Amino acid sequence: MTTATNETEPRHFLDVDDLSEEELFAVLDRADEYKRAVDAGEDHADLSGQTLGMLFQKASTRTRVSFETGMTQLGGHAIFLGEDDIQLGRGEPLKDTSRALSRYVDAVMARVFKHENVEVLAEYSDVPIVNGLTDDAHPCQTLADLLTIREHEGGFEGVSGSEATGGSSNGGFDGVSAVWIGDGNNVAQSFALGCALTDIDLTIATPEGYEVDDAVLERARELGGDPTVTTDPVEAVTDADVIYTDVWISMGQEDERDVRMNDFDGFQVNADLLEHAPEASVMHCLPAHRGEEITDDVIESERSIVFDQAENRLHAQKALLSWLLE
């Protein structure tokens, strides 16, 4: 049964700050429970009989596979909806697509270019809309990032956030410092909000002209964060706990390749940079352009938690979906 006839307004997840701090910790705790259930081979069909519509304008590996597998593990079903497979690719207004899908499915995940498109979907939808990525934000990635940081750096022992921190309100992130290196892109912007909600000490190092949007930094400060902004990657990573990077050339920016490669000179995450943060873990949301923003030896090193991070997309998104549909 779909939720289209429910009288209550659906909860949407368009960026990380659509969750309160308390709600964010609840989702992360649930993700940890699902991860342990998978490892133990325990059934957790919490969304039995429910359907997720997956609307894609952008290509994907991790987003598609993690959402589709996640719904299967939760006892539900996922439907892939490529733009050219449905009427949206033939000019149907988004608001019509949203209202029609609301009558068929229990939630919609949308991976699109313009952020305003997920906002339109949410405005006209009677079921939860989940942002699977836009040009401005990638909040599902941030959920996985936070889960990974908490596991590796936050002293989290696989119990509830309050137990893990002796009653601390920040859910297992005490004293953690993270650094974003490279382009202030959609992943960086959602990560900045996630760090603010969890009180992670964040430094953002980007070349001039590639900064995180001022409105995002202001929102992070409203949430209680105080991100440091710099153009010096060495200064940024010194003694950090986590170093995080992403591609310098995202989908749709291929014609800017030569300019960007020049502008990002000196921002590669490599062995030389890591000497300034000898204890830091290394993160990358993938896909990686090895030899550009990160070297092969770093991503394959013992300090890399990149593939734990990729796996955690599955667990975090399952937790989000079951929480939104609860």
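Residues numbered from 1 in each chain as written. Predicted model: local features only at pLDDT ≥ 70, side-chain atom pairs only at ≥ 80, totals over all residues. Heavy atoms only, no water.

In the annotation of an unreviewed UniProt entry, the chain is listed under the name Ornithine carbamoyltransferase and assigned to Natrinema versiforme JCM 10478. Under the UniProt heading Catalytic activity (unreviewed entry), the note attached to the chain is "carbamoyl phosphate + L-ornithine = L-citrulline + phosphate + H(+)". You can read under Sequence similarities (unreviewed entry) in the UniProt record for the chain the words "Belongs to the aspartate/ornithine carbamoyltransferase superfamily. OTCase family." (UniProt positions renumbered as here; feature names shortened; annotations may be inferred.)

On to unusual backbone geometry, then. The residue after L286, namely P287, is reached through a cis peptide bond having omega 0°. Structurally, P287 is set in the loop between strand 9 (281–284) and helix 12 (296–299). Of note in this structure, D239 is not a glycine but carries a positive phi near 65°. With respect to the helices, strands and loops of the structure, D239 is situated in the loop between helix 9 (233–237) and strand 8 (242–245). In this model, L286 sits at a positive phi of 65°, which is unusual for a non-glycine residue. Among the secondary structure elements, L286 is positioned in the loop between strand 9 and helix 12. Overall, the relative accessible area of 14% leaves L286 in the buried class. (Helix = DSSP H or I, 4+ residues; strand = E, 2+ residues; numbered from the N terminus. Buried < 20%, exposed > 50% of the residue type's maximum accessible area, 1.4 Å probe, protein only.)

Taken domain by domain, the chain consists of domain 1 (12–137 + 312–325) and domain 2 (141–156 + 172–311). Once you take the C-alpha centre of each, domain 1 and domain 2 turn out to be 24 Å apart. Each side of the interface is counted separately: domain 1 has 30 residues, and domain 2 has 28 residues. Buried area between domain 1 and domain 2, both sides added, is near 2,400 Å², and the carbon and sulfur share of it is 59%. Summed over the three residues of domain 1 that lose the most area to domain 2, namely L28, R62 and N312, the buried surface amounts to 26% of that side. The interface formed by domain 1 and domain 2 holds three salt bridges in total. For R150, the salt bridge is made with D29, and the minimal N-O distance between the two is 3.0 Å. At the boundary of domain 1 and domain 2, one finds 18 residue pairs in polar contact (both at pLDDT 80 or more). Residue assignment for the side of domain 1 that touches domain 2 shows that the elements contributing at least two residues are helix 1 (21–40) and helix 13 (306–324). In terms of residue count, the dominant contributor to the side of domain 1 that touches domain 2 is helix 1 (nine residues). (Domains from an automatic or database assignment. Contact = heavy atoms within 4.5 Å. Buried area = accessible area lost by both parts, 1.4 Å probe. Salt bridge = Lys/Arg side-chain N within 4 Å of Asp/Glu carboxyl O. Polar contact = N/O pair within 3.5 Å; in protein donor to acceptor, adjacent residues only side chain to side chain.)

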